[in-house]
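Here are the chains, one letter per residue:
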Amino acid sequence: MPGWNRRRLLKTALGLPVVFRGLPRLRGAEPGPIGGLVELDLEAKQQWLDVAGGNAYLYAFNGQVPGPIVEARPGDRIRIRFRNGLSEPTNLHYHGLHIPPTGNADNSFLMIPPGESLTYEFTLPANHPAGTFWYHPHLHQSAARQVSRGLAGLFLVRGELDAIPEIASAQEYSLVLQDFDLDSRGVPREPNMMQRMQGREGDLITMNGLSSPAIPIRKDGQIRLRLLNASSSRFYRLRIEEHTFHQIASDGGALPVPLELAELLLVPGERAEVIVEGSRAPDTYRLVNLPYNRGGMGMMGGGRLPVDTLATLVYEGKAEQSVRLPERLAPVETLPPPAAVRTFVLGQGMGMGMMGGGMNFTINGRTFRADRVDTRVRLGSVEDWEFVNPATMDHPMHIHTNPFQVVNRDGSAGPAWKDVVLVRAGSRVRVRTRFQDFTGKAMYHCHILDHEDLGMMGVVEIVE
Ligand code: C2O
Ligand code: CU
Ligand code: CU
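Just so it is clear, the model here is predicted, and its values are computed rather than measured. (Residues numbered from 1 in each chain as written. Chains lettered and ligands numbered in written order. Predicted model: local features only at pLDDT ≥ 70, side-chain atom pairs only at ≥ 80, totals over all residues. Heavy atoms only, no water.)

**Focus: the coordination of the copper ion (ligand 3)**
Part 1 of the reasoning: Protein-derived ligands of the copper ion (ligand 3) are His395 (ND1), Cys446 (SG) and His451 (ND1), with the metal-ligand distances lying across 2.0 to 2.1 Å.
Part 2 of the reasoning: Counting gaps between the donor residues of the copper ion (ligand 3) yields the pattern H-x50-C-x4-H. Grouping residues by exposure puts Cys446 and His451 together as buried. (Donors = N, O, S within 2.8 Å, 3.2 Å for Na, K, Ca; no water. Buried < 20%, exposed > 50% of the residue type's maximum accessible area, 1.4 Å probe, protein only.)

Pasting the structure below:
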């Protein structure tokens, strides 16, 4: 790996590492053991903020980028009094939560005009998995702009996984990855059509709004990282110098057993929880983002891609006792065989003769329409959805409301609940899902949010 030498790069690093800053948490009223109330005010607004040591005129939730962490437990009632302080319409989506896609719950069809408010209200099912979820705006044709300007926050559900003693004893950090494309004054730049088709990326990469913060770890101690890729398009290929990750949870909660990984690819919208062990010589170690080529529109790509330092692991002190990772985490249900198999062909079609226009991003040849149902499914049914990507770019596909399991070559599925799956250029991926508990219309789309805004989204209606 050329240019990836720790000592050399540390020497050329400028200044001291920024000290890790925890994200503010909004817990609302102390929840009871079950059925507590989490109530909070949330406002989206454009304002000047300190991001990565400089000024930036971003879109923020409650004045923060990323937004405050909402924390809840299964069975809790959630009430979010949302105010749109932007000068454009917006809304909220609760990415990964298994809650109704209708009414004032996780309804991405809603539109809140500037200056207006809406109270979102829903109950987390009592059997909702513990995990790392998030909230972000989801207004079609505005999602990429609003999310890439800062609107994203974590929604943590605490439960079973958090109760495992070895996991609970690890120091926990929530890490939100975002990238920004700012001009010299700190104002977000508008991407051109080519950048939108590629999926906009910014060269300012931040973790919790900081540039390369220091994450403390004790020698022989363990830290638990909750990682969220809240970038609208950028992929992160994460690696920690001389350390491995032990993944304990994916998008939709716990894995059955910890999975040791040398590196971790996190595509837009995706989350992972990992344990890192302080097993090396006390020193500093970089958490880096390795190059990843997610394909292009033909004229992009190629060239040398940089290795970015996203954070620095800093050894501080020694743990009183070292804890071994548990052998088991939480069982992941095996879904029954599917009642139906559907195919979704992802398309990037250059409209012939589209003067000055751009490209259509399609699913089964169609661009998104909010007033059309593309797929109708039965409540309670299990289906396999196969995403076919014959094109030249990777598309991370996401389904609302119900998580899924990736189907293996042998036809089995899992063992992990996910809600975003990478469908690489020229490949196909099959996922198995069960449309459970809630009827109504929900969305599925590419989580490169520019692609979603350009039409790569469909509507699934779940009917009795
Ligand atoms: Cu995180 Cu429909 O999206
Ligand atoms: Cu979502
Ligand atoms: Cu895409």
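Text resumes after the structure shown.
**Structural notes on the nonpolar core**
Part 1 of the reasoning: Core analysis: the biggest nonpolar cluster contains 29 residues, and Trp385, Phe387, Met397, Val421 and Val431 have the highest contact counts within it.
Part 2 of the reasoning: Mapped onto this core, the elements with two or more residues apiece are strand 22 (340-350), strand 23 (359-363), strand 25 (382-389), strand 26 (395-399), strand 28 (420-423), strand 29 (427-434), strand 30 (440-446) and strand 31 (457-463).
Part 3 of the reasoning: Top element by residues in this core is strand 28. It accounts for four residues.
Part 4 of the reasoning: For this core, the two domains that each supply at least three residues are domain 2 (165-318) and domain 3 (340-463).
Part 5 of the reasoning: In contact with Met397, other than residues within four places in its own chain, are Leu346, Ile363, Phe387, Phe404, Asp419, Val420, Val421, Val423, His445, Cys446 and Met456.
Part 6 of the reasoning: Core analysis: the next-biggest nonpolar cluster, separate from the first, contains 27 residues, Leu42, Ile80, Leu118 and Leu151 among them. (Core = buried A, V, L, I, M, F, W, Y, C linked by side-chain atoms within 4.5 Å. Helix = DSSP H or I, 4+ residues; strand = E, 2+ residues; numbered from the N terminus. Domains from an automatic or database assignment. Contact = heavy atoms within 4.5 Å.)

**Digging into the coordination of the copper ion (ligand 2)**
Part 1 of the reasoning: The coordination sphere of the copper ion (ligand 2), as far as protein atoms go, consists of His93 (NE2) and His398 (NE2), spread over 1.8 to 1.9 Å. Of this pair, His93 sits in strand 7 (residues 93-95) while His398 sits in strand 26, placing them 305 residues apart in sequence. Grouping residues by exposure puts His93 and His398 together as buried.

**Quick word on the sheet that holds strand 28**
Part 1 of the reasoning: Spatially, the five strands line up as an open sheet ordered 24-31-30-26-28, and their pairing is mixed. The strands lining the two open edges of the sheet, one partner per strand, are strand 24 (375-378) and strand 28. The average angle at which neighbouring strand axes cross in this sheet is 25 degrees, direction not considered.
Part 2 of the reasoning: Here strand 24 pairs with strand 31 via four bridges, running parallel. Residue Arg378 lies in a different strand from strand 31, and its bridge partner there is Val463. (Pairing = 2+ DSSP bridges. Axes fitted to C-alpha atoms, helices over the stretch in contact; angles between N-to-C directions.)

Keep in mind these values describe shape, not function.
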